[in-house]
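Descriptive structure summary
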Amino acid sequence: MTKRDDALEYHSRGRPGKIAVVPTKPLNNQRDLSLAYSPGVAEPCLAIKANPDDVYKYTARGNLVAVVTNGTAVLGLGNIGALAGKPVMEGKANLFKQFSDVDVFDLEVGSENPDDVIRFCQLLEPTVGGINLEDIKAPECFYIEETLRKTMGIPVFHDDQHGTAIISGAALLNALEIAGKDITQVKCVFSGAGAAAISTAEHYVRLGVKRDNILMCDREGVLYEGRTSGDLDPYKARFLQKTTKRTVADALVGADVFVGLSVAGAVTREMVAQMASRPIIFALANPVPEITPEEVRKVRSDAIIATGRSDYPNQVNNVLGFPFIFRGALDVRATEINEEMKMAATRALASLAKQDVPDSVAALYGLRNVHFGAEYLIPFPFDPRVLLWVAPAVAWAAVASGVAKEFIDLESYREQLEERLGRARGIMRGLMNRASRDPRRIVFPEGEEPKIIRAAAILVDDGIAMPILLGNKTTIERIAKDNRISLEGVTVEDPSTSERRDGYAHYMWQLRQRKGLSLDEARRQLFNGNYFGSCMVARGDADALLSGVTMHYPETIRPALQVIGAHPSAKLVSGMYMVVTERHVVFCADTTVNIDPTAEQVAQIAFAASRITRTFGITPRIAMLSFSNFGSVKHPDAEKMAKAAQLLKERDPSIIVDGEMQADTAFDAEILKRDYPFTTLKEQANVLIFPNLSAGNIAYKLLHHLGGATIIGPILVGMRRPVHVLERGADVQDIVNMAAVAVVDAQERTLSVEPAFAAASPSPTIFSKL
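Below, the structure is looked at part by part.

Rules behind the numbers
Residues numbered from 1 in each chain as written. Predicted model: local features only at pLDDT ≥ 70, side-chain atom pairs only at ≥ 80, totals over all residues. Heavy atoms only, no water. Helix = DSSP H or I, 4+ residues; strand = E, 2+ residues; numbered from the N terminus. Rg over C-alpha atoms; globule rule 2.2 N^0.38 Å. Contact = heavy atoms within 4.5 Å. Lys, Arg positive; Asp, Glu negative; His and termini not counted. Charge placed at Lys NZ, Arg CZ, Asp CG, Glu CD. Pairing = 2+ DSSP bridges. Axes fitted to C-alpha atoms, helices over the stretch in contact; angles between N-to-C directions. 1 Å grid on protein atoms, 1.4 Å probe; cavity = no way out; pocket = protein on both sides within 12 Å on 5 of 7 lines; lining within 4 Å. Points joined across faces, edges and corners; volume = space filled by probe spheres on them. Nonpolar A, V, L, I, M, F, W, Y, C, P; charged D, E, K, R; others polar. Core = buried A, V, L, I, M, F, W, Y, C linked by side-chain atoms within 4.5 Å. Buried < 20%, exposed > 50% of the residue type's maximum accessible area, 1.4 Å probe, protein only. Polar contact = N/O pair within 3.5 Å; in protein donor to acceptor, adjacent residues only side chain to side chain. Parallel < 35°, antiparallel > 145°, perpendicular 65-115°, else oblique. Patch = residues over 30% accessible without salt bridge, like charges linked within 9 Å, V, L, I, M, F, W, Y side chains within 5 Å. Areas by Shrake-Rupley, 256 points an atom, 1.4 Å probe, with all protein chains shown as cover. Salt bridge = Lys/Arg side-chain N within 4 Å of Asp/Glu carboxyl O. Left-handed = near helix turned anticlockwise from the far one by under 90°.

Turning our eyes to something else, we now look at the overall build of the protein. Looking only at helices and strands, the protein has 31 helices and 21 strands in total. In summary, the protein has a C-alpha radius of gyration of 29 Å against a globular reference of 27 Å for 770 residues, a match within 12%. Dimensions along the principal axes, computed over C-alpha positions, put the protein at roughly 90 × 70 × 50 Å. A sequence separation of at least 24 residues applies to 71% of the contacts in the protein between residues at least 6 apart. Here the protein contributes 86 positively and 93 negatively charged side chains, and the mean placements of these two sets differ by 3 Å.

We now examine the sheet that holds strand β17 (residues 621–625). The mixed open sheet is built from six strands, whose spatial order is β18-β17-β19-β16-β15-β20. Two strands lie at the open edges of the sheet, namely β18 (656–661) and β20 (710–717), each paired on one side alone. Neighbour-to-neighbour, the strand axes of this sheet turn through a mean angle of 20°, independent of strand direction. In this sheet, β18 lies alongside β17 in parallel orientation, the contact comprising five bridges.

All right, on to the sheet that holds strand β3 (residues 130–133) then. Spatial strand order, β2-β1-β3-β4: four strands in an open sheet with parallel pairing. Each edge of the open sheet carries a strand with a single partner, namely β2 (103–108) and β4 (156–158). Sheet twist, expressed as the average angle between the axes of neighbouring strands with direction ignored, equals 20°. As defined by bridge partners, strand β1 (residues 64–69) adjoins β2 across six bridges and the pair is classed as parallel. When the bridges of β2 are listed, Ala66 appears paired with Phe105. Contacting β3 and β4, helix α8 (residues 159–179) crosses the sheet at an angle of about 75° to β4.

The next point concerns empty space enclosed by the protein. Applying the stated criterion to the full structure yields two cavities of 30 Å³ or more. Lining the largest cavity are Tyr56, Gly62, Gly129, Gly153, Ile154, Pro155, Ala329, Leu330, Arg333 and Ala334. Here the lining of the largest cavity is composed, by residue class, of six nonpolar, three polar and one charged.

Core analysis: the largest hydrophobic core is formed by 96 residues, its most contacted members being Ile131, Leu133, Phe190, Phe282, Met341 and Val390. For Leu133, the residues in contact, after removing those within four places along its chain, are Val68, Cys121, Ile144, Glu145, Leu148, Val156, Phe157, His158 and Asp159. Formed by 66 residues, the second largest nonpolar core is a distinct cluster that contains Ala465, Leu469, Val580 and Ala603.

Let us look at the side chain of His162. By secondary structure assignment, the location of His162 is in helix α8. Accessibility expressed as a relative area gives 7% for His162, which makes it buried. Here the side chain of His162 touches Glu145 through a polar contact of 2.8 Å, side chain to side chain. If we skip the residues at most four places from it in the chain, His162 touches Glu145, Phe157, Ser199 and Lys342.

Among the seven residues of strand β15 (residues 574–580), seven are classified as buried, and the element is accordingly described as predominantly covered. Going residue by residue along β15, you find Ser574, Met576, Met578 and Val580 tucked away on one face and Gly575, Tyr577 and Val579 tucked away on the opposite face as well. Relative to β20, β15 is paired through six bridges, and the arrangement is antiparallel. Residue pairing across strands places Ser574 opposite Val717, the latter belonging to β20. Sheet analysis places β15 next to strand β16 (residues 585–589), joined by five bridges and oriented antiparallel. Across the sheet, Val579 pairs through a bridge with Val586, a residue of β16.

On to unusual backbone geometry. Residue Pro39 follows Ser38 across a cis peptide bond; omega there is 5°. Relative to the helices and strands, Pro39 is located in the loop between α2 (30–36) and α3 (42–50). Note that the residue after Asn286, namely Pro287, is joined by a cis bond; omega there is 5°. Relative to the helices and strands, Pro287 is located in the loop between β9 (280–283) and α13 (293–299). Positioned with a positive phi, Asp101 is a non-glycine residue whose angle comes to about 60°. Here Asp101 lies in the loop between α5 (86–100) and β2. With a relative accessible area of 8%, Asp101 lands in the buried category.

Turning our attention to the packing of helix α9 (residues 195–207) against helix α15 (residues 339–353). In contact at an axis separation of 11 Å, α9 and α15 are set at 80° when each is read in the N-to-C sense. Viewed along their axes, α9 and α15 adopt a mutual orientation that is roughly perpendicular. Taking contact as the criterion, the partners of His203, Arg206 and Leu207 in α9 are, on α15, Glu339, Lys342, Met343, Thr346 and Arg347. When the residues that make up the contact of α9 with α15 are grouped by side-chain class, the tally is two nonpolar, two polar and four charged.

Side chains of Asp409, Glu415, Glu418 and Glu419 sit close together on the surface and give a patch of like negative charge. With respect to the secondary-structure elements, Glu415 resides in helix α18 (residues 410–420).

Attention now goes to the packing of α8 against α15. Working note: a packed helix pair is described by the angle between its axes plus the distance between those axes. Close contact between α8 and α15 brings their axes to 8 Å; oriented N to C, the two are set at 40°. The angle between α8 and α15 falls in the class oblique. Like other packed secondary-structure pairs, α8 and α15 cross with a definite hand, here right-handed. Together, His162, Ala165, Ile166, Ile167, Gly169, Ala170, Leu173 and Asn174 of α8 and Lys342, Ala345, Thr346, Arg347, Leu349, Ala350 and Ala353 of α15 make up the contact between the two elements. Class assignment of the residues belonging to the contact of α8 with α15 gives a composition of nine nonpolar, four polar and two charged.

Right under this line is the structure:
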């Protein structure tokens with residue numbers, strides 16, 4: 001499948017599109033119906049008529065933004081029209097919801113007349129709490145936004161203009177500090193003179209850059225006084241300079257800052273070489289920057305660089321701005337987004353980058369010891385702290401500048417923001433980011449399965465892993481061709497003809513010759529992809545194995561246990577699932593391996609689960625589950641879990657763990673506080689340890705099928721090398737998710753002497769006799 005096919009399939013599968021309207025009130029019976037609609041709905045209508053501000057009390061207007069476009073400047077596609085621009089607007093709506101819990105109506109206006117767009121937006125004012133203008137060409141976008149800001153009483157914000165300005169402004173402040181340069185003295189060069197460039201230059205002027213020190217270049221070259229060629233609208237005219245410089249190359253001689261908002265290749269190494277010492281280079285064209293960091297480094301090792309891409313440090317991404325700016329504006333019912341609020345967002349981002357980066361945030365990107373410097377100028381897009389810094393800064397700026405209708409208490413407001421979005425937000429994206437920082441070789445024994453082939457192509461496209469498919473090469477290529485799946489970057493190996501067969505057969509024979517395995521039998525077993533793949537991992541020819549989509553769990557794990565075995569420090573192998581809901585991430589163990597573990601084994605399972613939880617950047621809070629609450633029922637099963645909790649506390653006093661307790665107790669902080677004030681578990685548990693395999697296996701499946709949770713697993717803990725098992729019948733996204741887990745597992749084993757995925761202690765497992 002081509003990338004085009006992938007994109008079309010993504011947008012069309014299931015319910016078409018990327019967004020839906022979700023009700024927030026029950027509608028289960030006649031009473032609900034009478035309250036939601038006639039006659040009950042008349043009461044809030046009358047209340048709003050009497051007091052218009054009650055619209056924020058009785059409707060969703062206060063959390064609703066319209067994303068409006070006419071499709072005249074969509075991404076890099078140009079003027080494709082309002083209808084064709086709808087997928088982009090749905091994507092924008094998704095980002096608003098995911099990052100700041102702002103609801104969105106995407107509205108595509110079928111007119112290129114700016115006055116039509118203006119009138120359309122004005123008529124929307126009773127419906128929404130704010131308007132985000134998107135993908136409208138310059139110079140019309142300036143006229144539209146200026147008019148709407150003057151005539152409307154709700155925030156209007158053109159993200160294409162101001163988003164890049166706000167985010168890159170934060171990067172500029174910090175880059176200048178690192179370079180030791182005075183903002184009032186630096187010389188800036190802009191490549192590009194569209195909406196984003198002009199707005200960014202104006203924002204830099206407000207930050208302290210002198211207008212006379214900015215040279216802006218469009219397709220015709222430098223904007224200089226007296227120039228007659230090219231399209232010189234009034235907005236570009238603000239940056240006409242008295243200068244003899246005519247090209248970008250001329251302008252860059254001696255310049256301190258370059259800001260690229262144009263096209264790939266607009267700048268060369270030779271141009272960069274002529275810049276001043278410690279040059280600041282923001283090459284922000286996407287997907288290919290004006291000049292790549294690699295090219296810059298060849299001539300300027302002293303440069304401080306930012307791009308718009310996620311695979312380089314210092315990504316200038318608008319998602320660091322608009323969700324949180326609107327969140328703050330909506331929460332104080334601001335009548336506009338003014339310059340003070342934009343400046344507050346810039347300075348909040350710049351300040352946050354100077355704070356200590358928690359290990360949990362760095363772990364989302366597969367990094368360690370991240371700190372403020374040339375490689376970390378601005379926060380990461382998936383840093384959950386951005387919401388807690390930018391939204392309050394914007395809200396308070398609105399209050400201070402007199403455009404807010406509501407006052408906020410900053411401390412309680414931050415608490416509200418934390419409650420609004422749980423840690424589940426972005427957990428898988430963070431995992432994917434971490435995997436893509438250092439992709440590893442993942443072997444798939446079921447290489448002829450179409451879902452595996454499709455997942456392998458996605459892993460290559462996203463840079464998550466280097467997949468190895470086991471199977472008949474001709475068959476795999478035929479299936480890929482029939483399903484239009486690209487095999488570029490995918491390794492295919494046939495166990496029946498591989499040159500590794502003989503070496504692997506002798507390896508298996510030497511490993512298990514005293515367990516009844518002959519050399520001939522070893523050769524026969526290698527026709528089984530799970531044995532062959534296990535040998536690849538054991539011998540270092542692959543970094544991890546992922547299998548199980550077409551077979552039962554024991555069939556998958558048995559070859560790995562026989563060939564790879566348990567880690568020397570972990571004779572107990574256990575399985576756990578990560579269960580992701582809209583607002584919560586919960587780890588469940590043991591869900592796949594140990595049928596009826598002893599108290600000692602339960603403690604070992606919990607210790608291993610706590611280690612895994614930390615690798616995902618989450619502090620574990622462990623509940624030992626039972627049908628009893630802290631001795632309320634005297635029964636061996638309950639006493640086992642209480643003993644396990646005590647053993648784990650003795651092993652590692654720093655771990656937050658308690659039990660035995662019932663599941664509702666573990667999830668309700670109020671019950672814990674009210675009824676069991678002595679417990680060390682003060683917050684909702686996020687690691688659930690079950691008394692036996694029946695309980696664990698049943699629980700995670702109920703959460704998945706009845707609770708609608710996304711499950712990731714089983715994550716196999718305690719193996720000598722990374723081995724993970726797919727659920728039978730897993731879909732493509734499940735396979736991709738588990739591949740990311742396998743990559744992170746392999747990364748951990750490189751970094752740690754005793755990696756989290758290998759953590760456990762001696763005890764027999766149900767497979768110990770294999």
